[in-house]
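Tertiary structure, described
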Amino acid sequence: MGNYVLEELSAKTIVAANSLTLKPGQEQFVAPTSYALAESYFNPATEWPRVVLEGDTVVGFIRGHFDPSSDQPEFRSCIWRITVAATAQGKGVGRFAIEALAQEAKSRGFTTLTVLWEGGDDGPGKFFNKLGFVDIGTSRFGETIGELSL
Ligand SMILES: CC(C)(COP(=O)(O)OP(=O)(O)OC[C@H]1O[C@@H](n2cnc3c(N)ncnc32)[C@H](O)[C@@H]1OP(=O)(O)O)[C@@H](O)C(=O)NCCC(=O)NCCS
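This write-up is about the structure you can find in this document. Computed from a predicted structure; not experimentally measured.

Once that is clear, we can look at the overall build of the protein. In terms of helices and strands, the protein carries 4 helices and 7 strands. Each helix and strand of the protein, placed in order from N terminus to C terminus, yields the pattern β-α-α-β-β-β-α-β-α-β-β. For the protein, the C-alpha radius of gyration of 14 Å lies close to 15 Å, the compact-globule estimate for 150 residues. The principal-axis extent of the C-alpha atoms belonging to the protein is close to 40 × 35 × 30 Å. Within the protein, residue pairs in contact and separated by at least 24 positions form 64% of the contacts whose partners lie at least 6 positions apart. On the protein, roughly 8100 Å² of surface is accessible, and the fraction owed to carbon and sulfur atoms is 50%. Taken together, the 13 basic and 18 acidic charged side chains of the protein have centroids lying 4 Å from each other.

See below:
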């Protein structure tokens, strides 16, 4: 595992975070439909956007979302987005980012962290399962709902 540092998303890193190059075929998994739709109701105060740096290079991006009053339980303490640059995948960046977000969720008093993902061979399901997320259901758009106990 590399030497990774977590930093709040800023003017300095936002362009790099938005233009992380994924592996071919992965783009379709980045924004499950439920998130894309809910984004229009997004309150910036509930966001937790962080980049993962390796030296000066942005190698990953994670956005946590916390909204204890959401009427959709899967949106109360969740991973809104996670992307790791193709060249940095498989080296623990994703695990590092999710462990940091899990820590943040815990410190806010949540006992679970949820994530939605689209099924498919190139999708992130096995990654989330490896990190301890358990499939707890299916969203109305057919995405898998995974939950990690904190
Ligand atoms: C999913 C993603 C974030 C994983 O990031 P990553 O940095 O490559 O993952 P890590 O290296 O931290 O992997 C952590 C563990 O998961 C395992 N893992 C990762 N991807 C896997 C896959 N596709 N299949 C099986 N296991 C996988 C790793 O082997 C590792 O296991 P280990 O700790 O026992 O060695 C990255 O592939 C990505 O950006 N995908 C495209 C965007 C996406 O699908 N995001 C999710 C939207 S909901």
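Right, let's talk about the nonpolar core for a bit. Counting residues in each nonpolar core, the largest one holds 32 residues, and the members touching the most others are Ile 62, Ile 79, Ile 98, Leu 113, Phe 128 and Phe 133. Contributions of two or more residues to this core are made by strand S2 (47-54), strand S3 (57-66), strand S4 (77-84), helix H3 (93-107) and strand S5 (112-117).

Moving on, we get to the site of the ligand. Gly 90, Gly 92, Gly 94, Arg 95 and Lys 130 are the nearest of the 20 residues found near the ligand. One nitrogen or oxygen atom from the side chain of Arg 95 is found 2.6 Å from an oxygen atom belonging to the ligand. Within the complex, the protein chains bury 75% of what would otherwise be the 940 Å² of accessible surface of the ligand. When contributions to the shell around the ligand are tallied by element, the ones reaching two or more residues are S4, H3 and helix H4 (125-130). Broken down by class, the residue content of the shell around the ligand amounts to 10 nonpolar, 6 polar and 4 charged.

With that out of the way, let us pick up the packing of aromatic side chains. This model, assessed by the stated rule, comprises 6 aromatic pairs. Between Tyr 4 and Phe 96, the aromatic rings sit 5.8 Å apart at their centres with planes inclined by 55°, giving tilted as the arrangement. Taken together, the residues Tyr 4 in strand S1 (residues 4-8) and Phe 96 in helix H3 connect sequence positions 92 residues apart. Here the aromatic rings of Phe 66 and Phe 110 are separated by 5.5 Å at their centres, their planes lie at 20°, and the arrangement is stacked.

Cut-offs and rules
- Residues numbered from 1 in each chain as written.
- Predicted model: local features only at pLDDT ≥ 70, side-chain atom pairs only at ≥ 80, totals over all residues.
- Heavy atoms only, no water.
- Helix = DSSP H or I, 4+ residues; strand = E, 2+ residues; numbered from the N terminus.
- Rg over C-alpha atoms; globule rule 2.2 N^0.38 Å.
- Contact = heavy atoms within 4.5 Å.
- Areas by Shrake-Rupley, 256 points an atom, 1.4 Å probe, with all protein chains shown as cover.
- Lys, Arg positive; Asp, Glu negative; His and termini not counted.
- Charge placed at Lys NZ, Arg CZ, Asp CG, Glu CD.
- Core = buried A, V, L, I, M, F, W, Y, C linked by side-chain atoms within 4.5 Å.
- Buried < 20%, exposed > 50% of the residue type's maximum accessible area, 1.4 Å probe, protein only.
- Near = heavy atom within 4 Å.
- Polar contact = N/O pair within 3.5 Å; in protein donor to acceptor, adjacent residues only side chain to side chain.
- Nonpolar A, V, L, I, M, F, W, Y, C, P; charged D, E, K, R; others polar.
- Phe/Tyr/Trp six-rings, centres within 6.5 Å; stacked < 30°, edge-to-face > 60°.

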